[in-house]
Amino acid sequence: SLLQSLVAQEESLQSLFRGEWPTAEPPEFVLSLPALRPSACDVDVDVAVCGGTLGILVGCALQLRGHRVAVVEAGPLRGRAQDR
């Protein structure tokens, strides 16, 4: 439920504030591919997300939940600077 998700997120944040960092190595997060054309390469993903700050955030959240995510971004990732 939504409430259970919020409680779990709060518990995770509180553990980070206490300095209890996750010990597991995160999976590979960013992979750059050459310009994609349907015939150029075969990419097997669960979801493709358009870039921008929100798209990157959604892509990260889905990837951390175990989904294979492709974030389609026009240029290099620059964090908040790309929204200006």
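Everything below is about the structure shown above.
Cut-offs applied
Residues numbered from 1 in each chain as written. Predicted model: local features only at pLDDT ≥ 70, side-chain atom pairs only at ≥ 80, totals over all residues. Heavy atoms only, no water. Salt bridge = Lys/Arg side-chain N within 4 Å of Asp/Glu carboxyl O. Pairing = 2+ DSSP bridges. Helix = DSSP H or I, 4+ residues; strand = E, 2+ residues; numbered from the N terminus. Right-handed = clockwise from strand over helix to strand, strands pointing away. Buried < 20%, exposed > 50% of the residue type's maximum accessible area, 1.4 Å probe, protein only. Contact = heavy atoms within 4.5 Å. Patch = residues over 30% accessible without salt bridge, like charges linked within 9 Å, V, L, I, M, F, W, Y side chains within 5 Å. Areas by Shrake-Rupley, 256 points an atom, 1.4 Å probe, with all protein chains shown as cover. Expected span 1.5 Å × (residues − 1). Arc of directions from axis to C-beta.

(A) Spotlight on the pattern of salt bridges. Under the definition given, this model contains three salt bridges. A salt bridge links Arg-18 to Glu-20; the nearest nitrogen and oxygen atoms lie 3.2 Å apart. One continuous salt-bridge network, built from bridges that share partners, spans Asp-44, Asp-46 and Arg-68.

(B) Examining the pairing of strand E1 (residues 47-50) more closely. Examined bridge by bridge, E1 and strand E2 (residues 69-72) share four bridges and lie parallel to one another. Following the sheet pairing, Val-49 is matched in E2 by Val-71. Assessed by its sense of winding, the connection that carries the chain from E1 through helix H2 (residues 52-64) to E2 is right-handed.

(C) Summary view of the environment of Gly-55. Its place among the elements puts Gly-55 in helix H2. The class for Gly-55 is buried, based on a relative accessible area of 7%. Through-space distance from the C-alpha of Gly-55 to that of Glu-73 is 8.9 Å; in sequence the pair is 18 residues apart. Sequence-distant contacts of Gly-55, that is, excluding residues within four places in its chain, are made with Val-49, Cys-50 and Val-71.

(D) Focus on a nonpolar patch on the surface. Judged by side-chain polarity, Leu-54, Leu-57 and Val-58 come together as a nonpolar surface patch covering roughly 300 Å² of accessible area. Mapping Val-58 onto the fold places it in helix H2. The class for Val-58 is partly exposed, based on a relative accessible area of 35%.

(E) How the structure looks around H2. In this model H2 runs 18 Å from its N-terminal to its C-terminal C-alpha over 13 residues, within 8% of the 18 Å that 1.5 Å per residue would give. Gly-55, Gly-59 and Gln-63 are the residues of H2 that are buried. Mapping the buried residues of H2 onto a view down its axis gives an arc of 65 degrees, with all of them on the same face. Every exposed residue of H2 that faces more than 90 degrees away from the buried side is listed here: Leu-54, Leu-57 and Leu-64. Where the residues of H2 are buried, they touch E1 and E2.

(F) Helix H1 (residues 2-17), seen in detail. Between its terminal C-alpha atoms H1 stretches 23 Å, which fits the 22 Å expected from 16 residues at 1.5 Å a residue. Gly-19 occupies a position one or two residues after H1 and carries a positive phi of about 85 degrees.

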